[in-house]
Amino acid sequence: MKINKKLLALAVLAGVVTAGASFVDAGTACLWSGSNCSTPTTVTVAIKPGDICIGSEGAFNFGNYNVSSSSQTVNGTFATPFWVEDLKGADAWYYTTVQMSGNLQGSGTNSIASSNISMRANGGITTMAGTANTSVVVNSAVAGAYQPLNNPVTLIKRDNAVNYGRIGRYGTTPSLQLVIPAYQSVGTYTGTLVYTLYNN
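Thresholds applied
Counting from 1, residues in each chain are numbered in the order their sequence is written. Per-residue local features of the predicted model are confined to residues with pLDDT of at least 70, and side-chain atom pairs are confined, for both listing and counting, to 80 or more; whole-chain, interface and lining totals are unaffected and use all residues. To obtain the side-chain values, all non-hydrogen atoms of the structure were included, while hydrogens and water were left out. Strands here mean DSSP runs of E at least two residues long; helices mean DSSP runs of H or I at least four residues long; both are numbered from the N terminus. Think of it in three bands: residues with accessible area under 20% of the maximum for their type are buried, residues over 50% are exposed, and the middle band is partly exposed, with areas taken using a 1.4 Å probe on protein chains only. For this analysis, residues touch if any pair of their heavy atoms sits within 4.5 Å. In these tables, accessible area is a Shrake-Rupley quantity obtained with a 1.4 Å probe, and a residue counts as shielded only by the protein chains included in the view. On a scale of 0 to 100, pLDDT captures the predictor's confidence in every residue. Two strands pair under a simple rule: DSSP has to find at least two bridges between them. Note on aromatic contacts: the rings of Phe and Tyr and the six-membered ring of Trp form a pair at centre separations within 6.5 Å, being stacked when their planes are under 30 degrees apart, edge-to-face when over 60 apart, and tilted otherwise. The salt bridge criterion pairs a side-chain nitrogen of Lys or Arg with a carboxyl oxygen of Asp or Glu, the two atoms within 4 Å.

Points about the overall build of the protein
Right, on to step 1. Counting its regular elements, the protein contains two helices and 14 strands.
Right, on to step 2. The proportion of buried residues among the 200 residues of the protein is 25%.
Right, on to step 3. Taking the intrachain contacts of the protein between residues at least 6 apart in sequence as the baseline, contacts between residues at least 24 apart amount to 79%.
Right, on to step 4. About 12600 Å² of surface is accessible on the protein, with carbon and sulfur atoms providing 54% of the total.

A word on the confidence of the model for the protein
Right, on to step 1. Residues of the protein with pLDDT of at least 70 account for 84%, and the chain-wide mean is 88.
Right, on to step 2. Overall, residues 1–24 carries pLDDT values under 50, and its contacts beyond four positions in sequence, including any with other chains, amount to five contacts.

Observations concerning the sheet that holds strand 2 (residues 72–77)
Right, on to step 1. Read across the open sheet, the four strands follow the order 2-13-7-10; overall the sheet is antiparallel. Among the strands making up the open sheet, the edge pair consists of strand 2 and strand 10 (147–148).
Right, on to step 2. For strand 7 (residues 117–121) and strand 10, the ladder comprises two bridges, and the chain directions are antiparallel. By the bridge assignment, M119 is partnered in strand 10 with Q147.

A closer look at the side chain of N139
Right, on to step 1. Here N139 shows up in the loop between strand 9 (136–138) and helix 2 (140–144).
Right, on to step 2. Among the residues examined, N139 registers a relative accessible area of 14% and is labelled buried.

Thoughts on the packing of aromatic side chains
Right, on to step 1. The full count for this structure, using the stated rule, is six aromatic pairs.
Right, on to step 2. Judged by centre distance (5.0 Å) and plane angle (75°), the rings of F82 and Y195 are edge-to-face. Linking F82 in strand 3 (residues 82–86) with Y195 in strand 14 (residues 193–199), this pair joins segments that are 113 residues apart in sequence.
Right, on to step 3. According to the relative accessible area criterion, F82 is buried, its value standing at 2%.
Right, on to step 4. Centroid distance Y95 to Y198: 5.0 Å. Interplanar angle 20°. Geometry classified as stacked. Linking Y95 in strand 4 (residues 94–100) with Y198 in strand 14, this pair joins segments that are 103 residues apart in sequence.
Right, on to step 5. For Y95, a relative accessible area of 29% puts it in the partly exposed group.
Right, on to step 6. Judged by relative accessible area, Y198 falls into the partly exposed class, the value being 38%.

Topic: the pattern of salt bridges
Right, on to step 1. Going through the model one piece at a time under the given rule, you end up with one salt bridge.
Right, on to step 2. One salt bridge connects R169 with E85, and the closest N-O pair in it is separated by 3.2 Å. Of the two residues, R169 sits in strand 12 (residues 168–172) while E85 sits in strand 3, which places them 84 residues apart along the sequence.

Details of the pairing of strand 7
Right, on to step 1. With four of five residues buried, strand 7 lies mostly within the body of the structure.
Right, on to step 2. Across five bridges, the pairing between strand 7 and strand 13 (residues 174–180) is antiparallel. Counted as the bridge partner of A121 is P174 from strand 13.

Describing unusual backbone geometry
Generally, phi is negative for residues other than glycine and the peptide bonds are trans, each holding for most cases.
Right, on to step 1. Phi is positive for Y164, which is not a glycine, with a value near 55°.
Right, on to step 2. Mapped onto the fold, Y164 is located in the loop between strand 11 (153–158) and strand 12.
Right, on to step 3. Of the residues examined, Y164 reaches a relative accessible area of 70% and is grouped as exposed.

Next up, the structure:
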């Protein structure tokens, strides 16, 4: 009977040792002694690219002027920016252009040539939302002087460059200039300014 008791005691002790053993897998930690232990967990999120969009003011009015025997040069500034919203964040280039789709048309055959309408940017790019991006710039030609709009004029652009996924809305508020010819017929003249985006 004594032998049996010893065997029973050994069996119980063996069970206790086995229960206290530590089997450590990746991502787990066990504490034999001390005050703390920790494990690392990798947390990941993927932000997928969107589109590149543009926007501009819906209408522009030079105002009212009296007829004249001399040409008149008049100016005005848009109330809101022309903008590019880059939600793509790619390294590839994009640019925008502005152009009159045709002449300013009055009644009958009366018109003012589209070459009489010019645009100039006032200052550089404003980051309207998102992350500032120094690669997005105003075309230096239109930033320095009025450019006639009978042909496309580049306004905002971004050349090929490492972009690090940066996205945002970038704008500039331009001005328009109109040369009203001498002896221009009385009436209201209307035309369309087209703002276009090109991207790679």
